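# Report on the structure
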Amino acid sequence: MENTEKVVYVDNAATTACAPEVLEVMVQALSGACGNPSSHYSVGYEAKEFVDTGRAQVAKAINASPAELFFTSCGSEADNWAVKGTAFTKARQNKKHLITSAFEHHAIMHSMAALERMGFEVTYIRPTSEGYIRPEDVEAAIRPDTALVSIMMANNEIGTIQPIKEIAEIAHKHGVWMHTDAVQAVGAIPVDVKELGVDMLSMSAHKFNGPKGMGALYCRKGIWPQNLIDGGSQEARHRAGTENVAGIAGMGKALEMATEHLEERMAHESELRDYVIDRILKNIPEARLNGGLEHRLPGNVNISFPGLEGETILLDLDMHGICASTGSACNSDSLDPSHVLLSIGLPEEIGHGSMRFTFGPQNTMEEAKYLCDVLEEVIPQHEDLNVLWPGSEQGPPVQPEGRAVIMASMYSAKVMEHFANPHNVGELPDANGVGEVGNPKCGDIMRMYLKIENNVIVDVKFLTFGCGAAIATSSMATDLIKGKTVDEALKLTNKAVVEALEGLPPIKVHCSVLAEQAVKSALSDYYRRQGIDPEPIVGKLEE
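Heads up: these notes are all about the structure in this document. (Residues numbered from 1 in each chain as written. Predicted model: local features only at pLDDT ≥ 70, side-chain atom pairs only at ≥ 80, totals over all residues. Heavy atoms only, no water.)

For the structure shown, the criterion picks out 23 salt bridges. Asp11 is the salt-bridge partner of Arg356, the closest N and O atoms lying 3.2 Å from each other. Placement of Arg356 in strand β13 (residues 354–358) and of Asp11 in the loop between β1 (8–9) and α1 (20–32) is noted, with a sequence separation of 345 residues between them. On the basis of relative accessible area, Asp11 is assigned to the buried category, the value being 11%. Here Glu256 ties to Lys253 by a salt bridge, and the two come within 3.8 Å at their closest N and O atoms. You can see Glu256 and its partner Lys253 sitting in helix α9 (residues 245–260), three residues apart, about one turn around the helix. Within this structure, Glu121, Arg143 and Asp145 form a network of salt bridges that share partners. (Salt bridge = Lys/Arg side-chain N within 4 Å of Asp/Glu carboxyl O. Helix = DSSP H or I, 4+ residues; strand = E, 2+ residues; numbered from the N terminus. Buried < 20%, exposed > 50% of the residue type's maximum accessible area, 1.4 Å probe, protein only.)

Here it is, written out as structure tokens:
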């Protein structure tokens, strides 16, 4: 495929670009309204006018009263405030039980975990295999001491839209407050707080072409979760701190624009979503859609490619100018696959091979077709080097040259070289030493094949399921031992692999350890085949 310098951004669920009209309003607020909106003089009143206008715009968009809207620094703060504030308020009534789902955003999950450490009890409702929370499951979990039900309106990974209205009715029937994290929903689908019947709702401006670092919490009249931030009298004495005047002005303008053209935007994004889903499932038979299609965000596509690891696909897409995200946690400080995908029943190895593509109003059908073209090219190429997907006739992947790769900021040029064009890929039918290490949960499995003659490794091949670093370390380790004696190969260390690759990020060093272990595992098999106990020679392999 011809290389291109064009950037195709299909990660709108992560963040969106600030609209020019939004930026214009923010510049006006920053340059013209220099006063503190709490000050009682003209320049203070000018700043307050921007705040009041922004509040009115956001309130109108969700059919709330401006007095029911409280600005925060982000959606995560709004979630923390709703969950913890409610818990602390209701604890005074001896209600210390909360209900949420097992696939919430981490802002909710970690808030709940923090409360559990304080002695609160939390019930986590498991979604169906299609990614929906059943209202009857929520009702079955409610107890006399239940303080709050918090269920997200739309899932941030798989895009499934939850029956919030029905769940809110159940919560209120039992005298329980209802909160929904609507960060992915506001600006993407119609949101009417009166129709939904929720007590609290969280949102974030950067999800609908507004500024980053700006959020809000809707609290229905009469619902007052305990303050999370104390200090001055801002936000009706419920959230202290000088208001982010420009951020509020930008948030209001952005949401006003999003809701004005919402039907047109939804139709456009749904067309792109359905095209990509239909084409991928048709042309890449192993692919599977995560989450149901009937009640789904218009721009959300989440696809698993069994047998592949998300980061390898992410690197391939980036080399072709496509910005997307992976359902794998391989790029974070955790090696576990997405808790969202595990919650709907995906095995760990499939969870690691999931990709999220999310469209916005700026995306075109041409870009959707280009995305599919690239996926149809790169997915089959990786089958040949994958231990979980053997047997393909394709050769190892060859990546386009000349493009400045964003992921290269994470990896050295040597790592990228061995990822893009790995050496020694495949199997050896006549191998006399075969070793396999790793597990699907950590996201890396390496299988090493050795052909040893007269105590010399005359040939070596590998198959690897894993991230870019796993592929690169496998490739480099095989290069380092090929042509060496068995004794020399036994001396290979993960440090030598890292040095040969000109370094690895700390979170990826474990891949070099696996590469060392894969070599030792294959050598152990070689000794066992000769009737020799390998442990005194090779040492005990790590579990």
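Okay, the packing of helix α15 (residues 413–420) against helix α16 (residues 468–481) next. Working note: a packed helix pair is described by the angle between its axes plus the distance between those axes. Interaxial distance between α15 and α16 falls to 8 Å at its minimum, and their mutual angle equals 90 degrees. Of the possible angle classes, the one that applies to α15 and α16 is roughly perpendicular. Residues Lys414, Val415, His418 and Phe419 of α15 touch α16, and the partners they reach there are Gly468, Ile471, Ala472, Ser475, Met476 and Asp479. (Axes fitted to C-alpha atoms, helices over the stretch in contact; angles between N-to-C directions. Parallel < 35°, antiparallel > 145°, perpendicular 65-115°, else oblique. Contact = heavy atoms within 4.5 Å.)

Let us look at the sheet that holds strand β16 (residues 456–465). Each strand in a sheet pairs with its neighbour through backbone hydrogen bonds, running either in the same direction (parallel) or in the opposite one (antiparallel). One open sheet accounts for three strands, arranged β14-β15-β16; its pairing is antiparallel. The open sheet has two edge strands, β14 (433–439) and β16, and neither has a second partner. Geometrically, the sheet is characterised by an average inter-axis angle of 15 degrees between neighbouring strands, direction not taken into account. The pairing of β14 with strand β15 (residues 444–453) spans seven bridges and is classified as antiparallel. Bridging across to β15, Gly438 finds its partner in Ile445. Along the sheet, α16 contacts β15 and β16; its crossing angle with β16, the most-contacted strand, is approximately 175 degrees. The strands touched by helix α19 (residues 509–529) are β14 and β15; relative to β14, the strand with the most contacts, the crossing angle is about 145 degrees. (Pairing = 2+ DSSP bridges.)

Time to look at the packing of aromatic side chains. Tallied over the full model, the rule gives four aromatic pairs. The ring of Phe120 carries Lys96 above its face, with NZ or CZ at 4.8 Å from the centroid. (Phe/Tyr/Trp six-rings, centres within 6.5 Å; stacked < 30°, edge-to-face > 60°. Lys NZ or Arg CZ within 6 Å of the ring centre and 35° of its normal.)

Its 14 residues place the ends of α16 20 Å apart at the C-alpha level, agreeing with the 20 Å of an ideal helix rising 1.5 Å per residue. Buried residues dominate α16, accounting for twelve of its 14 residues. Among all positions of α16, only Gly468, Ala469, Ala470, Ile471, Ala472, Thr473, Ser474, Ser475, Met476, Ala477, Thr478 and Ile481 are buried. Looking at the residues trailing α16, positive phi occurs at Gly483, about 85 degrees. (Expected span 1.5 Å × (residues − 1).)

Moving on to the environment of Met200. Inspection of the secondary structure puts Met200 in strand β7 (residues 200–204). Judged by its relative accessible area of 0%, Met200 falls in the buried class. Sequence separation between Met200 and Leu69 is 131 residues, and the spatial gap between their C-alpha atoms is 9.6 Å. Discounting residues that sit within four places of it in the chain, Met200 has contacts with Ala82, Thr86, Leu148, Trp177, Met178, His179, Thr180, Leu217, Tyr218, Cys219, Ile223 and Pro225.

Before going further, it helps to spend a moment on the sheet that holds strand β10 (residues 300–304). Here we have four strands laid out as an open sheet, ordered β9-β10-β13-β12, and antiparallel in their pairing. At either margin of the open sheet sits one strand with a lone partner, and together these are β9 (288–289) and β12 (325–326). Sheet topology note: the β9/β10 ladder contains two bridges and is antiparallel. The residue of β10 that forms the bridge with Arg288 is Ser304. Of the strands in this sheet, β9 and β10 are in contact with helix α10 (residues 262–283), which crosses β10 at around 15 degrees.

A word on the pairing of strand β3 (residues 97–101). Taken residue by residue, a regular strand's side chains alternate between the two faces of the sheet. By the criterion of burial, β3 is predominantly enclosed, with five of the five residues buried. Burial of the side chains of β3 extends over both faces: His97, Ile99 and Ser101 are buried on one face and Leu98 and Thr100 on the other. The pairing of β3 with strand β4 (residues 121–125) spans five bridges and is parallel. Bridging across to β4, Ile99 finds its partner in Thr123.

Turning our eyes to something else, we now look at the environment of Met118. Note on placement: Met118 falls in the loop between α4 (106–117) and β4. Judged by relative accessible area, which is 47%, Met118 ranks as partly exposed. In this structure Met118 touches Phe88 and Lys96, once residues within four positions along its chain are discounted.

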